[in-house]
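A look at the structure
Spelled out from the first residue to the last, the chains are:
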Amino acid sequence: MSQLQRPVIIQSQSIKLCCPRVAYRPPLFQRRRQSIHTKTVTDHDINRLASSPLHPLTLADLVKHGRPPLTTAQLLTSANFTLSILPARLAHRIQSLRNLPFIVVSNPHITKIHSNYLHSLSTLLPWAEREITTLEDEIKFAEVMADLVQTHSNTISILARGFLEARKYISPTDVTRFLDEHLRARIGTRLIAEQHIALHLSSQPHRKIMHEPEEEEDMGYNGVIDTKLRPAKIVQQCENIVGEICELKYGVRPHVVINGEPEYTFAHVPVHLEYIITELLKNAFRATVEQAHEREAIEVTIAPLPDDSPEAEYNEAIRKHGEGHVITGADQGNTDLASRCFTGKSTSPSPTADQQIRPLAHSTPGVTIRIRDRGGGIAPENYEHIWDYSFTTFNDDQASTSLSGGPGGGGGMDALNAISGPGGDGAHSLAGLGYGLPLGRAYAEYFGGGIAVQSMWGWGTDVYLSLRGVGRVEDNPYI
Ligand code: ADP
Ligand code: K
Ligand code: MG
């Protein structure tokens, strides 16, 4: 395995933070990044860390350090908490990569991801078994977190390329199983790191150096969570972006009509919602235009769940178990209750502790967003495959041949760029290599929501995105 352990060169590029309202000053971080200490990771380190139990993360963990700006003591607590859970999570990912067939993990792209994880663990090890007690150390630690987020920003496109090249040696089912676990775990790891970075940037005394003053009046944010997120606003923003891409490719764009309750707000992670809505709109736009129905609006309905819905009962059940309670096997009854109400019942494997964050007590019931298009629906023979990571009906030949033919391909490269997810390298293509639906569902399910697709073959498609509120602002002192 030694060839997998070569050091990784960190590329300097700007970092896109999860929380869009918190501005980064990359040059400051880049200058300092060169001084990040590393410690060689041994197999013993990995085995030891991977065998330690994973911290069952809750949303309460993300907000428990207080409302920004934090005091020095709160900031140090956040840093130490972050440090206490990340190494084991990285070690689990390394182990799971090593469990892939050797010929797959030897693929240069998969090897690159393995090296990235080793690199990130090597930057955390010098901090292990010590406590962060000074602001000076906290600043250095925040740089380590920034490095971690940046190192893994292109993970999804690199993994996609790797699995595409190695597809002869691993079944689509095994790829989907691996990616479902890996990408869900990655969502949590990024959230933890980004939350600390966001708290760091918005806290005294750094804010004068690193925080854009004009952003300060925005009080809706607690780190990466927007407590006043308005889904309709995200839909409008995503409509603009997807519309541009659509117009570039097809020369036309359908328009979106929002109805239901466009003023509804709740607490959620904006970049997650942006990613999901973008992917769902891309699918709807593409289908609509390909059916030459661009004159027919895509209808987006925002439907908040009522307070007496089964969702509210579900939240009450969480409340009885105590604040920030994590749903475990013992709570299966309640989770079933929740999934009955949410149409997006998943067929993916049950989440493990490092994959799943559960809502806070006093959660708002949440919202269902229906995206309805007249794009002709999904052919029955394709229906069962739409959740596979690599399944796409988009430009089949172009997407896969340009990739297998080497770097620089047209549609395939665009497609890969389009699937990086939040914090990744952007979305330039209307459809990709089939990552939109499964990855979108992974984000939705992360906070207990889901995605369900209802197709009327020959007519159109309804997609139901269910999202559970992650905390009622007035009830929760932390948010
Ligand atoms: P991609 O968009 O890259 O193909 P997705 O996972 O987003 O990957 O979607 C997988 C497939 O599901 C699409 O290629 C398409 O065949 C089908 N699909 C998804 N959404 C729709 C829709 N709204 N209308 C018609 N087909 C759809
Ligand atoms: K797919
Ligand atoms: Mg898509």
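Here goes a summary of the coordinates provided. (Residues numbered from 1 in each chain as written. Chains lettered and ligands numbered in written order. Predicted model: local features only at pLDDT ≥ 70, side-chain atom pairs only at ≥ 80, totals over all residues. Heavy atoms only, no water.)

**Some words on the site of ligand 1**
How we decide: One heavy atom suffices: a residue is near a molecule or strand as soon as one of its heavy atoms comes within 4 Å of it. In the analysis that follows, any N or O atom pair within 3.5 Å is treated as a polar contact, provided that within protein one partner can donate a hydrogen and the other can accept it, and provided that, for residues neighboring in sequence, both atoms belong to side chains. Accessible areas in this description were obtained via Shrake-Rupley with a 1.4 Å probe; residue shielding takes into account the shown protein chains only. The numbering of helices and of strands both runs from the N terminus, where a helix is a DSSP run of H or I of at least 4 residues and a strand a run of E of at least 2. Here the nonpolar group is Ala, Val, Leu, Ile, Met, Phe, Trp, Tyr, Cys and Pro; Asp, Glu, Lys and Arg are the charged ones; every other residue, Gly included, is treated as polar.
Contacts to ligand 1 come from 18 residues, most closely from Asn283, Asp373, Thr392, Thr393 and Gly432. At 2.8 Å, a side-chain N or O of Asp373 approaches a nitrogen atom of ligand 1. Here Thr392 contributes a side-chain N or O atom positioned 2.5 Å from an oxygen atom of ligand 1. Bound to the protein, ligand 1 loses 94% of the 530 Å² it would expose on its own. Those elements giving two or more residues to the shell around ligand 1 turn out to be helix 12 (270–290) and helix 18 (436–446). By residue class, the composition of the shell around ligand 1 is 8 nonpolar, 8 polar and 2 charged.

**Description of the pairing of strand 7 (residues 450–456)**
The following threshold applies: Relative accessible area decides the class of each residue, using a 1.4 Å probe on protein chains only: under 20% of the type maximum gives buried, over 50% gives exposed, and in between gives partly exposed. Here the rule is simple: two strands pair whenever DSSP picks up at least two bridges between them.
Judged by how many residues are buried, strand 7 sits mostly within the fold: 5 of 7 residues are covered. In this structure, strand 7 lies alongside strand 8 (residues 460–467), joined through 7 bridges in antiparallel fashion. Paired with Val453 across the strands is Val463, a residue of strand 8. Counted along the chain from strand 7 to the antiparallel partner strand 8, the turn is 3 residues long, and its residue Gly458 has a positive phi close to 95°.

**Focus on the coordination of the potassium ion (ligand 2)**
Heads up, the condition is: Each metal's donors are the N, O and S atoms within 2.8 Å of it, or within 3.2 Å when it is Na, K or Ca, and because water is not part of the set, sites may look incomplete.
Distances from the potassium ion (ligand 2) to its protein donors, Ile386 (O), Asp388 (O), Phe391 (O) and Gly434 (O), fall at 2.6 to 2.9 Å. Within one chain, the residues donating to the potassium ion (ligand 2) are spaced in sequence as I-x1-D-x2-F-x42-G. You can see Phe391 sitting in the loop between helix 15 (380–383) and helix 16 (396–404) and its partner Gly434 sitting in the loop between helix 17 (411–417) and helix 18, a full 43 residues away along the chain. Taking the relative accessible area as the measure of exposure, Gly434 reaches 12% and is therefore buried.

**Digging into the pairing of strand 5 (residues 298–304)**
In the case of a regular strand, side chains alternate between the two sheet surfaces. Across 5 bridges, the pairing between strand 3 (residues 256–260) and strand 5 is parallel. Across the sheet, the residue bridging to Asn259 is Thr301, located in strand 5. Here 6 bridges tie strand 5 to strand 6 (residues 367–373), and the two strands are oriented antiparallel to one another. Residue pairing across strands places Thr301 opposite Arg370, the latter belonging to strand 6.

**Examining the sheet that holds strand 8**
This is how it is decided: Helix axes are fitted only over the stretch in contact, all axes being lines through C-alpha atoms; the angle between N-to-C directions runs from 0 to 180 degrees. The contact rule is simple, with two residues in contact once any of their heavy atoms fall within 4.5 Å.
Spatially, 5 strands are ordered 3-5-6-8-7 in an open sheet, and the strand pairing comes out mixed. Whereas interior strands pair on both sides, the edge strands pair on one side only; in this sheet they are strand 3 and strand 7. Across the sheet, the axes of successive neighbouring strands diverge by a mean angle of 15°, strand direction being ignored. With 7 bridges connecting them, strand 6 and strand 8 associate as antiparallel partners. Among the inter-strand pairings, Val367 is bridged to a residue of strand 8, identified as Leu467. Sitting on the sheet, helix 11 (residues 231–250) is in contact with strand 3, strand 5 and strand 6, with an inclination near 175° to strand 3. In the packing of helix 18 onto the sheet, contacts are made with strand 7 and strand 8, and the angle to strand 7 comes to roughly 140°.

**A short note on the side chain of His272**
Note on placement: His272 falls in helix 12. By relative accessible area, which is 3% here, His272 ends up buried.

Geometric values such as these leave the question of function open.
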